[in-house]
Amino acid sequence: MKQILTVVLLMHAISGLAQRVPYADSLLLDGQYTEVIRWADREKTTNNSAWTIAVMTRKAEAYVRLGRFEEAETLLASLTSSGTDSESKAAVDIAFGSLYLNEGLYEKSEDKLESALRILASSTTSDLYLESEALSYLGNLRRATGEYAQAEEFLLRSLAQREKLFGNNSEWIAASYNDLGLVHGQSDPDKALSFYEKALGIYQTLHPHAHPKIAIALTNIGFAYGSLELYGDATTNLEEALRIWESIYHDAHTTKAFLNLSLGEIYRKLKNFNSATAYIEKSISLYQRSAGNKHPDLSAACNALGNVMVEQGKPGKALEWYQRALTSNISSFDDQNINHTPRMQGYYNGRTLLNTMLYRAQALEALYLARTLRMTDLVKARDALMSCDTLVSQLRQQIANESDKLALGAIAAQVYQNGVRICVEAAEVALQKRDWYQQAFYFSEKGKSAVLLEGISEVKAKAFARIPQPLLEEERQMRAALALATTQLAKKPSSEEEQLVREHLYQTQRQYEQFISRLENDFPQYYNLKYNAAAPTVPELQNHLDGNTAIVSYLIDEDHKSIYIFVVTRKNYRVYQRPLPADLDRSITGLRNGLVFNAKEPYRKSAEALSGLLLPRVPGSIKHLVIIPTGRLGMIPFEVLLTASYKEEKIPDYLIRKYSIRYEFAASLILQKSKPAPTRQAILLCAPVKFSEDDLNDLPGSEAEVQAIDALFSRHQYERTTLTYARATEDELRGTQLNQYKYLHFATHGIVDEIHPELSRIYLSGGDANDGLLYSGEIYNMELNADLVTLSACQTGLGKISRGEGVIGLSRALAYAGARRMIVSLWKVSDASTSLMMQSFYDNLLDHGDMLPSGDLRTAKIKMIESEKYAAPYYWAPFVMIGY
């Protein structure tokens, strides 16, 4: 009896201790992190290791939220051997997952969180609390990496677990709703708003009205209304949040400053400049009194007031505020002279600085146009944008979070568009026009190169070929360290901490520069793909061209409704600026619909409108065009544009009838392609013919296609490998030494995933060890050495498009893998007509000895145009050649 009583008493003691863990959780939810650390230090450890770990993991979480990552890691490392039960091990893994998530080490975070879920799944007891925490962190991890659908899935699972534990009206449920709101904040403000309002409803039942959590919920709701451009509702919620904070903080405080700034921005959008100025000036005063004269948030407020001045037609006054933004964001810069600019170093928040320099350039341009007409103002504007260019390169190295990547990409697009416009404006009045026009081309190409880097970064680094895993891990660690250091600086630490962080940042940047140099030497393909944003000069391109070829590159300036066309030939260089039609998207859609559905009138109207807009004059000696489209222009085949008015009674004057046409992503890639062709004269042909997927039709014509091409190459003494039906598998492909083939031809279905480009895929036959899908990520991992890869498949030339971007789909993966040129398709086509055109193309190619493949494709298309059965562009226009 005594022994039983002892056990019961011990159980009660442990239960009593365990009941006090929610106290620490409540402190964490309230943001009282220092108090959590004090609580953990007060708690006496017991012989129960589970309790010790419960206490110490909460202390580690407090360290994490305070940014004291090294202390958190040291503490967690000491716990790894303490817990023997599964829940304790899972708790430590979850705490590590939180630490790595906040450090930007996303793969390490995922490994720990997935490990925790595996431990909990194999346990004989169920711990819904730990499971809900692991799922919540995984959801926020997916949000950080831009995988929003998966983020929502994890967070909803966590919410369901928390509802079982805590009911429908608790802090935990409100926290889940806030996280779900953040997931939808950019893509679906309406949905975000519904989650924020649910969180607010819970907080209102748990807390008095003047409570920080209610103020935070109101702020989130205000921002959601702002995203929906419902500015009245936005100001109502933000002003109520401000009243709460004013009742909590009677003195100057950064939270009050932030809300004043936010309200000022809303009133600026409403064109109520008096209210905007009053709120932003109060924000500036509050920041100065609470944080001092050196703080990145103060810099953002100065930027905002400068923007108000620009919109009121006061660019000179705006420049004074932008100068104050510079002095408050750069530790060693205090010069208030608007003619003096600092070097792009020693800053607290790089993105805020990037905005300042962009706004400065725009204000100088406005000053030139409205007041001075002094060329020096345009020179200063150009120089400010060159500083932005330098800064974009720096910031790209420091980013780990996907939303930060998107934000940087959007600002970079504005920088380069502004650079083109200002240089063209200067060229119109300059004596040395050529220099300004060449600088305009530089900005245009930097924009395209930056887009390629951003697009490729969406494919996880582990997918890339021939890069040792330790090197990839070293890259991830350094990027995470740079991101962490810059985040710490953006929080404006104390002077002593700032010195330590800046020294660490400097050393890490030096190591990263050395690392990139090593990549350039040892892995040039990977370097060019992820780091080489160099823009070629016009003379460099001209030296690369023959006398019959012209490069035609496009850039769209959405904000100023202009399109720029750059024409580079061996002896000439011209820039055209044309108004951007409001119905451009409609014309592009009309053209594609007219082609795909074989509707002549929609095609005619759209083709004539687009031809007048997009086709520049080129010298009469030009026979070949290299098109470098921008954004949604990459969705149309330029071959179908018209060089003369459309007439029903004759064959239309398609552009393809006058020129051979090929495409590139950026001019920089033209100079990068210098790899010699393989010596082995061989072709690999692949056609699964039959498909088990319900939504995919069989392609009986593809068998005849590859057989006919096989016969053509046989007559020219080529080695041939033909894989059809069950042999057309991944295993067969990988066993054929693909880098030994000069030509690769895939006659199959293909799909481009516009949301997740790494999931774009080519369909093969399934086998014992593979799924019958060749993903874009797997193509990056191949080693090709082909002069030409043909994807005789559906829509393989499309890809993801957003502001400033080109199309990045399967073709970019093939280019990285080593394909010099590719033929891809822009829409579904009859496999019978495709077979005929491909046979005609290869027949021309073999007859001409591979002199100009784009010319051979042109000849095949013209043959179809002149036929009766396949004359419509629907049959021949979707196939385009990418690659110089």
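Please refer to the structure placed before this passage.
Residues numbered from 1 in each chain as written. Predicted model: local features only at pLDDT ≥ 70, side-chain atom pairs only at ≥ 80, totals over all residues. Heavy atoms only, no water.

(A) The packing of helix α18 (residues 350-372) against helix α19 (residues 375-397), seen in detail. Taken N-terminus to C-terminus, the directions of α18 and α19 make an angle of 165°; their axes are 9 Å apart at the nearest point. By the angle between their directions, the pair α18 and α19 is classed as roughly antiparallel. Read as a crossing pair, α18 and α19 show a hand that is left-handed. The residue inventory of the contact of α18 with α19, partitioned by class, reads 17 nonpolar, three polar and five charged. (Axes fitted to C-alpha atoms, helices over the stretch in contact; angles between N-to-C directions. Helix = DSSP H or I, 4+ residues; strand = E, 2+ residues; numbered from the N terminus. Parallel < 35°, antiparallel > 145°, perpendicular 65-115°, else oblique. Left-handed = near helix turned anticlockwise from the far one by under 90°. Nonpolar A, V, L, I, M, F, W, Y, C, P; charged D, E, K, R; others polar.)

(B) Examining the pairing of strand β4 (residues 624-628) more closely. Summarising burial for β4: five of the five residues are buried, a large majority. Burial along β4 is two-sided: the face carrying His624, Val626 and Ile628 and the face carrying Leu625 and Ile627 are both buried. Pairing of strand β1 (residues 549-557) with β4, which is carried by five bridges, proceeds in the parallel orientation. Bridged to Ser553 within β4 is Ile628. Strand direction decides the pairing type here: β4 and strand β5 (residues 660-663), joined by four bridges, are parallel. Paired with Ile627 across the bridge in β5 is Tyr663. (Buried < 20%, exposed > 50% of the residue type's maximum accessible area, 1.4 Å probe, protein only. Pairing = 2+ DSSP bridges.)

(C) Examining the sheet that holds strand β10 (residues 761-763) more closely. Strands sit in the order β9-β10-β11 across an open sheet of three strands; the sheet is antiparallel. A strand with exactly one partner marks an edge of an open sheet, and here the two such strands are β9 (750-751) and β11 (773-775).

(D) Structural view of unusual backbone geometry. Phi is positive for Glu229, which is not a glycine, with a value near 60°. Within the fold, Glu229 resides in the loop between α12 (212-227) and α13 (231-248). A positive phi is found at Lys561, a non-glycine position, where the angle reads about 55°. Assignment of secondary structure puts Lys561 in the loop between β1 and β2 (562-568).

(E) A look at α13. The end-to-end C-alpha distance of α13 is 26 Å, a good match for the 26 Å that 18 residues give at a rise of 1.5 Å each. Burial in α13 covers these residues: Tyr231, Ala234, Thr235, Asn237, Leu238, Ala241, Leu242, Ile244 and Trp245. Buried positions along α13 lie against α12, α14 (254-269) and α15 (273-291). (Expected span 1.5 Å × (residues − 1). Contact = heavy atoms within 4.5 Å.)

(F) Fine view of the packing of aromatic side chains. Inspection of the entire model under this criterion finds 25 aromatic pairs. Centroid distance Phe166 to Trp172: 5.5 Å. Interplanar angle 15°. Geometry classified as stacked. A relative accessible area of 32% means that Phe166 is categorised as partly exposed. Taking 5.5 Å as the distance between ring centres and 5° as the angle between the ring planes, the aromatic pair formed by Trp245 and Tyr249 counts as stacked. Residue Trp245 is classed as buried on the basis of its relative accessible area of 7%. (Phe/Tyr/Trp six-rings, centres within 6.5 Å; stacked < 30°, edge-to-face > 60°.)

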